[in-house]
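Notes for the structure review
Here is how the chains run, residue by residue.
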Amino acid sequence: MLRVENLHVFYGGIHALKGISLEVNQGEIVTIIGANGAGKSTLLNTISGILKPKEGRVLFKGHPLPSKPFKVVELGISQVPEGRLVFANLTVKDNLILGAYLRRDKENIKKDLDRVYDLFPRLKERKNQMAGTLSGGEQQMLAIGRGLMSAPQILLLDEPSLGLAPILVQTIFNIIEEIKALGKTILLVEQNAYKALSVADRAYILEQGRITREGLARDMIKDSAIQEAYLGVK
Ligand code: ATP
């Protein structure tokens, strides 16, 4: 469904992605595991059209992606950015409606809003609250809900568990599995390697801008080198 071919991305003289290739098939959860600064956000921002690669390309269903980020969203790719970035001075409901900003199918927008409220009852309870006054975990739920409101075929999640208390981390990962069950494809970037490998079908390890390993998530979670480097097991 999504295919990344030999991406090279630079920030000025910094070579952040050094020839990344990967693919995400329909209905899969694929995770990218990597330490701080490995290039995870750079990869997602390149797929969603925010950054331009110097070399390489991104294909969606066999076609190169358009260069404008909003066109990428229209095609069915939605990114939930790291750090949530909700609109603090708008209500929860208005934040969600904004996620559907490029859509014209009013009836389905209403249905999707109900679906997001089913997935996140907490957001339904707080639909008239200003987003800036939500807790960190609630803001993360809102950011994911807003991403779903563009009716994506593939959701790009950038560190959805960052900074959350353990119980909320579990809630977010449960929701990621529920979103998969709705038929969505997910590319998940995470530092919480254990949780990410627990929900994912396949995984890639990103180190200093290069993919160093790839495989089935259930194999990787048992691999001693990966356990030592990323799962805190000696
Ligand atoms: P983290 O988990 O800490 O967010 P990451 O894996 O997402 O890390 P990136 O944010 O993609 O990593 O950064 C990859 C590399 O590119 C890092 O060395 C970083 O310092 C550098 N970098 C990222 N953004 C910029 C920028 N705007 N200007 C210059 N260098 C940047």
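Residues numbered from 1 in each chain as written. Predicted model: local features only at pLDDT ≥ 70, side-chain atom pairs only at ≥ 80, totals over all residues. Heavy atoms only, no water.

1. Section: the site of the ligand
Note the threshold: By convention in this text, a residue qualifies as near a molecule or strand provided that one of its non-hydrogen atoms is within 4 Å of it. Residues adjacent in sequence count toward polar contacts only when both atoms are side-chain atoms; beyond that, a polar contact is any pair of N or O atoms within 3.5 Å, and within protein one must be able to donate a hydrogen and the other to accept it. Only the protein chains shown count as cover for residues, and all accessible areas are computed by the Shrake-Rupley method using a 1.4 Å probe. The helix count covers DSSP runs of H or I at least four residues long, the strand count covers runs of E at least two residues long, and both are numbered beginning at the N terminus. Side-chain classes are defined by residue name, with Ala, Val, Leu, Ile, Met, Phe, Trp, Tyr, Cys and Pro counting as nonpolar, Asp, Glu, Lys and Arg as charged, and the others, Gly among them, as polar.
Close to the ligand lie 14 residues, the nearest being Asn 36, Gly 37, Lys 40, Ser 41 and Thr 42. Within the backbone of Ser 41, a nitrogen or oxygen atom sits 2.8 Å from an oxygen atom of the ligand. With respect to the ligand, the side chain of Gln 191 contributes an N or O atom lying 3.3 Å from an oxygen atom. Contact with the protein chains removes 62% of the 630 Å² of surface that the ligand exposes when unbound. Taken together, the elements giving at least two residues each to the shell around the ligand come down to strand S2 (14-24) and helix H1 (40-47). A total of three residues in the shell around the ligand trace back to one element, the largest contributor, which is H1. Across the shell around the ligand, the residue classes tally to five nonpolar, six polar and three charged.

2. A short note on a nonpolar patch on the surface
Using the following cut-off: Here, patches come from residues exposed beyond 30% relative accessible area and free of salt bridges, joined within 9 Å for like charges and within 5 Å for nonpolar side chains (Val, Leu, Ile, Met, Phe, Trp, Tyr). Think of a salt bridge as a Lys or Arg side-chain nitrogen and an Asp or Glu carboxyl oxygen that are within 4 Å of each other. Exposure is judged per residue with a 1.4 Å probe applied to protein chains only, and the accessible area is read against the type maximum: over 50% gives exposed, under 20% gives buried, and values in between give partly exposed.
A contiguous nonpolar patch, built from Phe 87, Leu 98 and Tyr 101 and spanning about 330 Å² of accessible area, is present on the exposed surface. The exposure class assigned to Tyr 101 is exposed, which follows from its relative accessible area of 59%.

3. Some details on helix H6 (residues 136-148)
For an α-helix, the turn length of 3.6 residues means that residues three or four places apart are oriented alike. Convention followed: Take the residue count of a helix, subtract one, and multiply by 1.5 Å to get its expected span. In what follows, residue pairs with any heavy atoms lying within 4.5 Å of each other are defined as contacts.
Spanning 13 residues, H6 covers 19 Å between terminal C-alpha atoms, matching the ideal 18 Å at 1.5 Å per step. The element H6 is extensively covered by neighbouring structure, given that 12 of its 13 residues are classed as buried. Next to the buried residues of H6 lie strand S6 (77-80), helix H3 (92-99), helix H4 (106-119), helix H5 (121-125), strand S7 (154-158) and helix H7 (166-181).

4. A word on the pattern of salt bridges
Under the criterion given, the structure shown has 13 salt bridges. The salt bridge involving Arg 202 is made with Glu 28; its shortest N-O contact spans 2.7 Å. Here Arg 202, found in strand S9 (residues 202-207), pairs with Glu 28, found in the loop between S2 and strand S3 (29-33); they are 174 residues apart in sequence, far enough to count as distant. Classification of Glu 28 by relative accessible area gives buried; the value is 11%. With a closest N to O distance of 3.2 Å, Lys 110 and Asp 114 form a salt bridge. One end of the pair, Lys 110, and the other, Asp 114, are both in helix H4, four residues apart, so they sit about a helical turn from each other.

5. Quick look at the packing of H6 against H7
To keep things clear, this is the line we draw: To obtain an axis, a line is fitted to C-alpha atoms, over the contacting stretch when the element is a helix, and the angle between two such axes runs from 0 to 180 degrees between their N-to-C directions. Convention used here: angles under 35 degrees read as roughly parallel, angles over 145 as roughly antiparallel, angles from 65 to 115 as roughly perpendicular, and any remaining angle as oblique. Crossings are classed by handedness, with left-handed meaning an anticlockwise turn of the near helix from the far one by less than a right angle and right-handed meaning a clockwise turn.
At a minimum axis separation of 10 Å, H6 and H7 run at an interaxial angle of 15°. Taken together, the axes of H6 and H7 lie roughly parallel to each other. Handedness of the crossing formed by H6 with H7: right-handed. Of the residues in H7, those touching H6 at Gly 137, Gln 140, Met 141, Ile 144 and Leu 148 are Leu 168, Thr 171, Ile 172 and Ile 179. Broken down by class, the residue content of the contact of H6 with H7 amounts to six nonpolar, three polar and no charged.

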